[in-house]
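What follows is each chain in one-letter form.
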Amino acid sequence: MAASSNAEQTQLQDMEEEDAGMEEREMESDEEEEEGMGVENSDEDEEDDSSEDEKENEAEIQRLEEQLSINAFDYNCHVDLIKLLKQEGELFRLRKARQKMSELFPLTEEIWLDWLKDEIRLTEEEPNREKVYELFERAVKDYICPDIWLEYAQYSIGGMGSPGGIDRVRSIFERAVTAVGLHMTKGQMVWEAYREFENAILSTVQPPPGRIPSREEQEMLKTQLERIHTLFRRQLAIPLMDMEGTYAEYEEWSEHGVPETVVHQYKKAVQQMEKCKPFEEALMVAETPKLAEYQAYIDFELKEGDPARIQITFERALSENCLVPDMWAKYTTYLDRQLKFKDLVLSTHERAVRNCPWTMGLWKSYLLALERHGADHQTVSDVFEKALNAGFIQATDYVEIWQAYLDYLRRRVDFSKESSKELEELRAAFSRSLDYMKHDVEERFGESGDPSCIIMQIWARIEALHCKNMQKARELWDSIMTKGNAKYANMWLEYYNLERSYGDSIHCRKALHRAVQCTSDYPEHVCEVLLSFERVEGSLEDWDFAVQKTETRLNRINEQRAKAAEKEANLARQEDERAEQRRKAKVEKKAQKKVQKGTRAGEKRKAEQDDYQDEWNEDAGPKRHRGNADQPTDEYMETETGLFGKATPPGYKPAPPATKKAPQGAAASAPSAHRQNEDNPELRNDNSSVFVSNLAYTLEEPEAKLRTLFETCGPIKQIRPIFTGKGSFRGYGYIQFESPVSVPEALKLDRRDVEGRPVFVSPCVDKNKNPDFKVFKYNTMMEKHKIFISGLPFSCTKEQLAEISKNHGTVKEVRLVTYRSGKPKGLAYVEFADETQASQAVLKMDGIEVEGNKISVAISNPPRRNTIDKPGSSRPTGDAMPRQVYGARGKGRTQLSMLPRSLHRQSVPAGKVENGSAADGEPASAAGNAAGEPKQLSNSDFAKMLLNM
């Protein structure tokens, strides 16, 4: 019974536990269902968001593809498209986009590595590895990159198990160390990977411990050990970073120590590395693109004369400066003149034009290199057609590339044969070049690029010299003259020389007579040539006719020149008269203003003096008698302008003590004190002073504010803010230091922000003593080392712009263009260390977006500051400083003189003062009256004059 009861209890407990477990499971299932519903809802939200993102990305992809269909050479558009497709996982479209870009441009190391890694992942599922090998072969041709070669070699190791796989790996490693093994900083990793591969092979040929190897195994082991020894020796003979570690590894690995020959080569390599070390260190600390450092490195290697090291240094420089045409031109010129290896030279020329297709000189060198190395005619023609489609930036480039191709075609012709296929092709090419210049080039540039018809001249000379076809040559020269060249003497003389060399005397005489009739630039020279010709070959009748014709022509020319000179003189006289009238009108207007101002001032002074006399008689007089007997009889009164006795200056009216406010008195006393300093030249020293302007008129305590700003520049002797007669601040002033040494430091504070406005700081120069001094401090000519940026967002700062620009070169200065109020214009100038960096920055920065704004970047070429003809200017027109400049970029207000308008003092030009009155010290108005102004004529006066003529 007890046992059965215990069993029942145990059974009941088990049932209760099962029920409890079931309840727990039901609760858990309910919770899971609730969580599942929540997860489903969140998944739905995420799917909605992702679908919207996919739609936006797809729309952007379609926009980029459409843009590339319009302009396939948009580099940035290609890059953006590849990024989006990779983000979306569109592998087929991604591969196609990369393929299109690689056909047009050489790809960077980063783009190639991304592409290669994607293809490697895809081929893990595909047995065909040859596609990846082909892609690697294309990648290593664009740039000499150690990382790509290392990736290539490591990928090939994965296929070493296939037939001939080991030999293929060794071949790729050998090509890698040949291409980049001399790379001072990255070559070592390729050598080490090569040795690791050979060590892995060594481990497979070594017999297991305890077993005697066979003779065949011994031979394989010996061969493999010799391979590794050879790799160590080759690497230690090359100057590379961390050579000491490689040498120590060889010592430890070699059973018989390091041979003497290897030690000798190692020491030579170490010495060479020490020579190169300063250049490598300079590259390590320099900022991209390090162009100046690479140029110095290349010059050093050219002096050393090692072709392999020169080549690798050029390749390293070009991998970071691939868009610098001068670097490519220097490299290709070296290869053309020194190495002359066909495959290396032609592949480098091809890479050069792919990187800088807009540079005509690179295409021209490529055509010459193809001809020099015996390339077939079809290849040369294809390269020429690509050059025509490259998009040169000026019309003359097309003339030069056509000349280079026509020269090539001319050298192919055998002129000993009367007719040949090559000759007909040459003539067809000449005809095509003329049509191309007339239609394609003129439509694009508005000019043919060949105003002197150089191509037609060459064609005519070839027809005359080689083909003995003077009729065709004369037809060509007739066409040349009808294109506006008949007025130039040198063109007629060129034609005359052709007739003289390959024609006859009849056509020579005819050409010279036409030249005398048509030439307008140097007719005397043409006439002299005609007379010389008739002296030698003409009859008396020919001589008389030539003399008569030349005299008639020269007389007519002289009459035309006299009329032109008279017309020019009349225009100049009329311009002088207009300028004189403007000057006199300005002088009269100024004099009238002075008279009106003097009248008002006299009336005001008279009224003030009357009031003063009344107050003085009533108040001041009795006060003298009410004083103490001990006090002196003469009292002194402190006034706003100083201390005066009882003989106060006329017009003085003291303010009542109750109404006079202290700040007004202080403000009034400040300008007067500065006026006293201005009136004492001995207190001023322009050499130790600066002029500050563009300050706010409402600036409180300007002297204290200026002292705080400039006290860091050096000890200040005095500060002279300029006030109006009513005591309000004019917004400018002068700061005089104890020493002129402080002036350069003060000028560095130009454009410093003072209460929201940029303060303008400029040298303090007396314009009367230095009339040619220009306050404008920025260059108005083309600055090839500086770029001009427009379209910037107004929120862009100097720091942001410097951060963007430093990726393209060494930034020396960044200047944001602002209004006088300090508000930005969205324009900026960035100065680089040299012209090459600036040109590279233009290519890479033009069209990029900064905070949503698409910016435009160009080489700084400010519009020329045309001088405005102002009456009273004391300088010649060529040197005058214009008030405003209008150019392609609009008004450059920040480029104006920093001197306020009220301080411009313009004197009458010496050349326009009559009778020396200005030199005698008389006023301009007096000089004008002395000269005698012409009487103003009415309409009836003009009518009488016309009737009397």
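The coordinates are above.
The structure presented is a predicted model; accordingly, all values stated were derived computationally and were not measured.

Each value, and the rule that gives it
Residues numbered from 1 in each chain as written. Predicted model: local features only at pLDDT ≥ 70, side-chain atom pairs only at ≥ 80, totals over all residues. Heavy atoms only, no water. Axes fitted to C-alpha atoms, helices over the stretch in contact; angles between N-to-C directions. Helix = DSSP H or I, 4+ residues; strand = E, 2+ residues; numbered from the N terminus. Parallel < 35°, antiparallel > 145°, perpendicular 65-115°, else oblique. Contact = heavy atoms within 4.5 Å. Nonpolar A, V, L, I, M, F, W, Y, C, P; charged D, E, K, R; others polar. Pairing = 2+ DSSP bridges. Buried < 20%, exposed > 50% of the residue type's maximum accessible area, 1.4 Å probe, protein only. Phe/Tyr/Trp six-rings, centres within 6.5 Å; stacked < 30°, edge-to-face > 60°. Lys NZ or Arg CZ within 6 Å of the ring centre and 35° of its normal. Core = buried A, V, L, I, M, F, W, Y, C linked by side-chain atoms within 4.5 Å.

### Some thoughts on the packing of helix H16 (residues 360–372) against helix H17 (residues 377–388)
Their axes nearest at 10 Å, the elements H16 and H17 cross at an angle of 175°. What the angle tells us is that H16 and H17 run roughly antiparallel. Along its contact with H16, which presents Trp 363, Tyr 366, Leu 367 and Leu 370, the element H17 presents Thr 379, Val 380, Val 383, Phe 384, Lys 386 and Ala 387. Looking at side-chain class alone, the contact of H16 with H17 contains 8 nonpolar, 1 polar and 1 charged residues.

### Some details on the sheet that holds strand E9 (residues 811–818)
Taken in spatial order, the 4 strands of this open sheet run E9-E10-E8-E13, and their pairing is antiparallel. Edge positions in the sheet fall to E9 and strand E13 (856–860), since each has one partner strand and no second. When strand polarity is set aside, the average angle formed by the axes of neighbouring strands in this sheet is 25°. Where strand E8 (residues 783–790) meets E13, 5 bridges bridge the pair, whose relative direction is antiparallel.

### Some remarks on the environment of Leu 409
With respect to the helices and strands, the residue Leu 409 is situated in helix H18 (residues 395–412). Using a relative accessible area of 1% as the deciding quantity, one classes Leu 409 as buried. In the structure, Leu 409 is positioned 21 residues away from Phe 430 in sequence and 9.9 Å away in space, judged by C-alpha atoms. When residues no more than four places from it in sequence are discounted, the contact partners of Leu 409 are His 377, Glu 425, Leu 426 and Ala 429.

### Focus: the packing of aromatic side chains
The geometry of two aromatic rings is summed up by the distance between their centres and the angle between their planes. All told, the structure shown has 31 aromatic pairs when counted by the stated rule. With a centroid separation of 4.7 Å and 15° between ring planes, the pair formed by Phe 232 and Tyr 250 is classed as stacked. Taken together, the residues Phe 232 in helix H9 (residues 215–236) and Tyr 250 in helix H10 (residues 243–253) connect sequence positions 18 residues apart. One aromatic cluster is present, built from ring pairs that chain together Phe 384, Phe 392, Tyr 398, Trp 402, Tyr 405, Tyr 408, Tyr 436 and Phe 445. Its guanidinium or amino end placed over the ring of Tyr 819, Lys 825 lies 4.9 Å from that ring's centre, counting from NZ or CZ.

### Description of the sheet that holds strand E5 (residues 729–737)
Spatial strand order, E4-E5-E3-E7-E6: 5 strands in an open sheet with antiparallel pairing. Of all strands in the sheet, those bounded by a partner on one side alone are strand E4 (716–723) and strand E6 (752–754). Direction aside, neighbouring strands of the sheet carry axes that sit 30° apart on average. Sheet analysis places strand E3 (residues 689–693) next to strand E7 (residues 757–763), joined by 4 bridges and oriented antiparallel. When the bridges of E7 are listed, Phe 691 appears paired with Ser 762. The strands that helix H27 (residues 702–710) touches are E3, E4, E5, E6 and E7; relative to E4, the one it contacts most, it runs at about 140°.

### Considering the nonpolar core
Membership of the largest hydrophobic core comes to 158 residues, with the highest contact counts inside it found for Trp 363, Ile 401 and Trp 402. Among the elements that line this core, the one with the most residues is H18, at 10 residues. Excluding residues within four positions of it along the chain, Trp 363 makes contact with Val 353, Pro 357, Val 383, Lys 386, Ala 387, Ala 390, Phe 392 and Ile 401. The next biggest cluster of nonpolar side chains, apart from the first, holds 20 residues, and it includes Phe 710, Phe 737, Ala 746 and Leu 749.

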